[in-house]
Amino acid sequence: MTPRAPKFLAPTFSFLSALLLLASSAATHAQTHAQAQWQAPAYDLLLRPDFKQQTLSAQAKIRLQRAPRANADANTEANTDPSAPLLLINAPDIDILTASIDGQSLSVHKQDGAWAITLAPTLASRQDLTLTLDYSARAGEGLVFGADYVYTAFHSCRWLPCVGADLGRASLSLALDLPDGMNSLASGLALPPSQAPGAPKLQRWQQAQPYPLYTLGFAAGHFKHAQQSSLAHDSSDGAVKREATLHYLGLADQPASALLAKFKSTPAMLAFFSAKAGLPLPHASYSQLLLPGGVAQEASSYALIGRRMLDPILETEQEDWVIAHELAHQWWGTLISCASWSEFWLNEGITVFMTAAWKQQRWGEAAYQREMAIATRAWQRAKDAGFDKPLSWPGDYPHLSLKRAIHYSKGALFMHALRQDLGEQQFWAGLQHYTQSNAGRQVRARDLQVAMEAKAGRSLQTLFEAWVY
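Residues numbered from 1 in each chain as written. Predicted model: local features only at pLDDT ≥ 70, side-chain atom pairs only at ≥ 80, totals over all residues. Heavy atoms only, no water.

**Student:** Explain the pairing of strand β1 (residues 38-50) to me, using residue names and the numbers behind them.
**Tutor:** Sheet topology note: the β1/strand β2 (residues 55-66) ladder contains eleven bridges and is antiparallel. When the bridges of β2 are listed, Pro49 appears paired with Leu56. Between β1 and β2, which pair antiparallel one after the other, the connecting turn spans four residues, and Gln54 there sits at a positive phi close to 55°. Both β1 and strand β11 (residues 169-177) contribute to a ladder of six bridges, which runs parallel. Within β11, the position partnered with Leu45 by the bridge is Leu174. (Pairing = 2+ DSSP bridges. Helix = DSSP H or I, 4+ residues; strand = E, 2+ residues; numbered from the N terminus.)

**Student:** Which residues make up the sheet that holds strand β10 (residues 149-152), and what are the values?
**Tutor:** Across the sheet, four strands lie side by side as β9-β10-β15-β12; this open sheet has antiparallel pairing. The sheet is open, and its two borders are formed by β9 (143-145) and β12 (183-186), each paired with just one other strand. In this sheet, adjacent strand axes meet at a mean angle of 10° when their direction is disregarded. As paired elements, β12 and strand β15 (residues 218-221) share four bridges and run antiparallel to each other. (Axes fitted to C-alpha atoms, helices over the stretch in contact; angles between N-to-C directions.)

**Student:** Which residues make up unusual backbone geometry, and what are the values?
**Tutor:** Even without being glycine, Gln54 reaches a positive phi, approximately 55°. Relative to the assigned elements, Gln54 resides in the loop between β1 and β2. With a phi close to 55°, Asp112 is a non-glycine residue in the positive phi region. Looking at the secondary structure, you find Asp112 in the loop between β6 (107-111) and β7 (114-118).

**Student:** Any details on the side chain of Arg419? Residues and values, ideally.
**Tutor:** For Arg419, the location among the structural elements is in helix α10 (residues 400-422). For Arg419, a relative accessible area of 9% corresponds to the buried category. At 2.9 Å, the side chain of Arg419 and the side chain of Gln360 are in polar contact. With residues up to four places along the chain from it excluded, the contact list for Arg419 reads Phe353, Gln360, Tyr368, Glu424, Phe427 and Trp428. (Buried < 20%, exposed > 50% of the residue type's maximum accessible area, 1.4 Å probe, protein only. Polar contact = N/O pair within 3.5 Å; in protein donor to acceptor, adjacent residues only side chain to side chain. Contact = heavy atoms within 4.5 Å.)

**Student:** So, the nonpolar core: which residues are in play, and what are the values?
**Tutor:** In this structure, Leu131, Phe273 and Phe414 are the most contacted members of the largest nonpolar core, which totals 145 residues. No other element matches the eleven residues that α10 contributes to this core. (Core = buried A, V, L, I, M, F, W, Y, C linked by side-chain atoms within 4.5 Å.)

**Student:** Tell me about the state of the cysteines, residues and numbers included.
**Tutor:** Scanning the model with the defined rule gives one disulfide in all. The partner cysteine of Cys157 in its disulfide is Cys162, sulfur to sulfur 2.1 Å. Judged by the sign of its S-S torsion, about -105°, the cystine formed by Cys157 and Cys162 is left-handed. This pair shows no difference in class: Cys157 is buried, exactly as Cys162 is. (Disulfide = S-S within 2.5 Å.)

Below you can see the structure in the form of structure tokens.
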């Protein structure tokens, strides 16, 4: 997600209000319901977008596991009414038509801003279940339709029947039933199309490793396509670790030659970020989809980038930050993600800083200092508003621009302060240690502190106290 412009330019998209709504509804659920504690490590979906009605029809098979007791809300006495435990689907904007487990129909109703599914005691007592749902979703936040394209962005629980919070991790299998001539993009790897006798041909994708729900998604449309290969290098010895395939997609008015030209800096960025992370690209391929408008959104194995964000590169080549920002998220924001929204700066602040570091390496010191100056001005606006908060502050923000000023801009400036305090060698060793140690995990500020202290050889508590805590 980019720091310089609202994530979505249409007024219906409000990042902060959605987060607050999710947080408040989840808290209400925890305090109101005597529910079994469940988590969903895997989603298997069949999706049929209707471009005329701008709706999505779907069937889902959701693997459920009883969550460890430590994951239960501290304020909730789980299963206080074992005769009628509830399973909550935290996706109030979808319409659930039917629900079943092992062919047994289940009662579904709206309750306190979520879908509540009543489980019989025989089901509630089991450790593993597979829930089958038929449901539909409408265009809106998180599910965006154009005349001949559709994509999901960030608000996964507006189209995905989420069990638990959207910070939870899960694998995803997708099958897409699309009109003739359309192609698709989704989290993970493309699988061979499938077609049962008398059934439509389905385009299939699989994200086998668990990723945060908000990074799982898909896009479909009449996309033009170009691709190239890139080599990711280890930072220590320069040995080739993995060859990645880079895909560039756009609508019909974007020929392959134009896509290659617009995204030509991607291979060099990939080499830079993989070296600094000490890890190659987490996926065998990475796709960038160019769309109308101002969208800028990372997802597992791909990014959505609006023309409004990318077109300035055609005039000033150094304005390549949106490509760099979304690519950096493949390490910092998706492979490693914050464990709490109050520590969202671990996703965005690090990524804003890494974007500046790329520009320093590619365009020189003045380009880096310009990015730091942009962050300083944004942070100053929060100070002027009397709303300067620690980076890991757990409270609510009155509006999105202040949240960005702290999590994006102040977060990037803190990384810059760490760099100045530790020096080049220790700082980059610490960031690499943090990345390698926490790959595939949800993290908190303490994880970054421990990693940096390990390479600094001394306590950084005073610095973290001043900025973070």
